[in-house]
Amino acid sequence: MQLDILYHDEHLLAVHKPAGLLVHRSWIDPHETRFALQMARDLIGRHVYPVHRLDKPTSGLLLFALDSETAAKLSQQFQEGEVRKHYAALVRGYSDEQGFIDHALSYRPDKLDDRRARADKPPQPAQTSYRRLATVELPHRVDRYPSSRYSLLEVSPLTGRKHQIRRHMKHIAHPLIGDPKFGKSRHNRLFAEHYGCPRLLLAATAMELAHPVSGDWLELRAPLQDDYYRLVRELGWDEAIPDGWRPPNGGA
């Protein structure tokens, strides 16, 4: 497991985080010894500052600041919704061609990792937009029908609530494949057993923001992890995805 550098200057570092890697030490997995934070520091030989989070099972673009002042400026951009984020998401069912989800989310603290957080916070506003890129009907009986339908989406959260995309997709009855917490286990097993892809099929593919020091507009891109891209090709979706989703090695 390694980090690939996507962007690096004297103030910022963007890397590709593999699925299954924690961003930093967490009680979610107290026995884990590898963290993206430590690996990024070792990669460039200097301290790095996390400014946002990706869930452990989510792969893709992870941004760090390289000094405390830049970290503070970036954190403010994230808090004020000035950073545009985009994800690839494979969901159950045929979704609408495009949609906007405006559904407040209550705070759900993890029993261990959020031990000091208030559990009685009121629901927070949360908005997510999405567009459908492709669909497929597979000849496998999972529910009561002889076949099963799925959609590939590009999802853009406008707010940054915990598990927002995963919870919003469940809210509109299109849960993410590979999601053990908010998804459907029968569909997760189908992709694990028939397609060798047991992971959460959610990937951070792009981030657009003003550089916190120069003010220049940055458009950062991350390809799909190889296992995700191989699945996309197997399902016949290669022509439907943005060019930036294709790994430079062709998913080999």
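Residues numbered from 1 in each chain as written. Predicted model: local features only at pLDDT ≥ 70, side-chain atom pairs only at ≥ 80, totals over all residues. Heavy atoms only, no water.

Undergrad: Can you help me understand the side chain of Asn-188 in this one?
TA: Relative to the helices and strands, Asn-188 resides in helix α4 (residues 185-195). With a relative accessible area of 14%, Asn-188 lands in the buried category. At a separation of 2.7 Å, a polar atom in the side chain of Asn-188 contacts the main-chain amide nitrogen of Gly-178. In contact with Asn-188, not counting residues within four places along its chain, are Leu-176, Ile-177, Gly-178, Asp-179 and Pro-180. (Helix = DSSP H or I, 4+ residues; strand = E, 2+ residues; numbered from the N terminus. Buried < 20%, exposed > 50% of the residue type's maximum accessible area, 1.4 Å probe, protein only. Polar contact = N/O pair within 3.5 Å; in protein donor to acceptor, adjacent residues only side chain to side chain. Contact = heavy atoms within 4.5 Å.)

Undergrad: Which parts of the structure should I look at to understand the packing of aromatic side chains?
TA: The geometry of an aromatic ring pair comes down to the distance between the two centres and the angle between the two planes. Summed over all chains, the structure comprises two aromatic pairs. A ring pair is formed by Tyr-150 and Phe-191, whose centres lie 4.9 Å apart and whose planes are at 90 degrees; its orientation type is edge-to-face. A residue pair is termed long-range when its members are at least 10 positions apart, and Tyr-150 in strand β8 (residues 148-157) and Phe-191 in helix α4 qualify at 41 residues. For Phe-191, a relative accessible area of 0% translates into the label buried. Between Phe-191 and Tyr-195, the ring centres sit 5.4 Å apart and the planes meet at 35 degrees, which makes this aromatic pair tilted. Of this pair, Phe-191 and Tyr-195 both sit in helix α4, four residues apart, which is roughly one turn of the helix. Residues Phe-191 and Tyr-195 agree in their burial class; the two are buried. (Phe/Tyr/Trp six-rings, centres within 6.5 Å; stacked < 30°, edge-to-face > 60°.)

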